[in-house]
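Each chain, written out:
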Amino acid sequence: MITRETLRLKSITVMILMAVLVWSVTLETCIARKGRHWRHHHSSSSASSTLSDSLSSKKPKSHHNSHSHSHKSKPKLKTPPLKSGSPVLPQPPQVQPPPPPKVQPPSPPQVQPPRPPLPLQPLEGSQEFNVLDFGAKGDGMSDDTEAFEATWASACKVEASTMVIPSDYIFLIGPISFSGPYCQANIVFQLDGMIVAPTDAESWGRGLLWWIEFTKLKGITIQGNGVIDGRGTGWWQQDNPFDYPIDDDFKLIVPLNNSVQERPPMPIRSELNGMPSIKPTALRFYGSIDVTVTGITIQNSPQCHLKFDNCVQVLVHDVTVSSPGDSPNTDGIHLQNTRDVMIHTSTLACGDDCISIQTGCSNVYVHNVNCGPGHGISIGSLGKDSTKACVSNITVRDVVMHNTMTGVRIKTWQGGVGSVKGVLFSNIQLTEVQLPIVIDQFYCDHSKCKNQTSAVAVEGVTYEKIRGTYTVKPVHFACSDSFPCVDVQLSGIELKPVQLQYHMYDPFCWRAFGLLNSPTVPPIDCLQIGKPPRNGVHTDHDICV
């Protein structure tokens, strides 16, 4: 019995010892593995402290971020390598940002410096075209004609565009035409600088009728504070000696020495500078609709300063015209075959008519204009070379004239046909005007003109509130024998003489019929009251529509 029990105890003891031995080997192996892991990741700290730290750091993660922990709860031993690799994953995004900056340099290459060098192709939507951008120098010596032509070519394509001639520059340009009819409407020619004409004969060829021309445009505006200078001195001294036009009403002005005024002495050919005999108008508009000219100054034109031919709807205001009083044939504003015109608030000083209204004009309204020196405001001359002339519905009022040859005048040639009717001259203030009121149906600017029966009829002309001083003759009505002036009405006429260097005369009337609606100073007794006996001739003769 004892022996069996002893054996049983021994076998139990051996089994216990073997179990302890196996357990101890397993524990030692586990501790060894953990030690290698700590040394690899935490070489600077002790094994026990690192273990407690790692455990404590794992607990908060599982506590605060249960969603991420659910993916990493099983492989605990692989968690540290994932953490050590996690900072590497953000770095690729940090390596990619540098390439984007390198990709952006291509955006600067779209730098728009290349576009300015191509002014002929302005940015889409641009409406301003500056002549400097098209090669103009603006130094007053270089020929800028081509630059102006190129600028216009671009502005012409854009509706309501603006062609800019900047201030503080002087642009020398030769004869130039800014023409349609294929240009867009409502173009603005913004003139703030100065434009000057060439003075060499080569630039003009055999002669031109205009220097700067705008033709066949709709809604064209010339505006600004700039100057157009025709530099006409050389032309004024070179009128054709064989056909020198001179205002025929000079014949009415006789100096006190009893000698009729003669034409100015003409230079002999060898003294002339070679300029063509045809003199250009400085600024001309032809065949255009809705034209506005405002703000600018036109000076020293070889001939007429501003001309409108075959235009409709013309507005001129705040314009200055300036040339010497002895510059020949330099009309201020010249209208021909043009209707629906308004001219106001302008100052006109020149060597011929301040405003000249020619055939084909109707619905013209002029007011608040200063005129002088010059030859006043005239309708005509009309009917030259037996041509037809039709003028109607003309109003000139609130005008100041000083030191002019005539005041308000109608002048027609013998032999013409047509009529002038519906004219009002009102509130005209005169200072030392030689011939304030004139109708002359025997006008002739040649040395000799033959007498002819036919004439342009003059009918329905009213003069009211014409006041001031005269130096030669207050009224001169010289009407045709065949076609007398009819329906001439006078009221509020107060004209006082001022003795200067001329013979002075009383009012003169020939074949003039009408009414005196109030007493006049001086008395104009020569006007025949009523109508001529053969008034029907005018009706038959008036072929104007």
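Along each chain, residues carry numbers from 1 onward, in the same order as the chain's sequence is written. Only residues with pLDDT of at least 70 are given local features in this predicted model, and only at 80 or more are side-chain atom pairs given and counted; all residues enter the totals for whole chains, interfaces and linings. Computation of side-chain values: all heavy atoms of the structure, hydrogens and water removed.

Comment: elements are numbered from the N terminus, with helices defined as DSSP H or I runs of at least four residues and strands as E runs of at least two. The topology assignment puts valine 366 in strand E20 (residues 362–371). For the pair formed by valine 366 and isoleucine 355, sequence separation is eleven residues and the distance between their alpha carbons is 9.1 Å. Throughout, a residue-residue contact means that at least one pair of heavy atoms, one from each residue, lies within 4.5 Å. Here valine 366 is in contact with Ile343, Ile355, Ile377, Thr395, Val396 and Arg397, once residues within four sequence places are set aside.

Partly exposed residues are those whose accessible area sits between 20% and 50% of the maximum for their type, while under 20% is buried and over 50% is exposed, using a 1.4 Å probe and protein chains only. Here strand E8 (residues 210–215) lies mainly inside the structure; five of its six residues are buried. Should DSSP find at least two bridges between two strands, the strands are taken to pair. Strand direction decides the pairing type here: strand E5 (residues 176–179) and E8, joined by four bridges, are parallel. Note that in E8 the partner of serine 177 across the bridge is glutamate 213. Across five bridges, E8 lies against strand E11 (residues 281–286) in parallel orientation. By the bridge assignment, phenylalanine 214 is partnered in E11 with phenylalanine 285.

This part takes up the UniProt feature "active site" (unreviewed entry) in the chain. UniProt positions are given in the numbering used here, feature names are shortened, and annotations may be inferred rather than shown by experiment. Mapped onto this structure's residue numbering, the UniProt feature "active site" (unreviewed entry) falls at His375. Along the chain, the position of histidine 375 falls in the loop between E20 and strand E21 (377–382). Residues within four places of histidine 375 in sequence aside, it is in contact with Asp247, Phe250, Gly351, Asp352, Asp353, Cys354, Met405, Thr406 and Arg409. Any pair of N or O atoms that falls within 3.5 Å is considered a polar contact. Within protein, one atom must be able to donate a hydrogen and the other to accept it, and sequence-neighbouring residues count only if both atoms are side-chain atoms. Separated by 3.4 Å, the side chain of histidine 375 and the backbone oxygen of glycine 351 make a polar contact.

Put simply, a salt bridge is a Lys or Arg side-chain nitrogen that is within 4 Å of an Asp or Glu carboxyl oxygen. Counted by the stated rule, this structure contains seven salt bridges. For glutamate 494, the salt bridge goes to arginine 467, with nearest N and O atoms at 3.9 Å. Taken together, the residues span a long stretch of sequence, with glutamate 494 in strand E28 (residues 485–497) and arginine 467 in strand E26 (residues 457–470) at a distance of 27 residues. Overall, the relative accessible area of 28% leaves arginine 467 in the partly exposed class.

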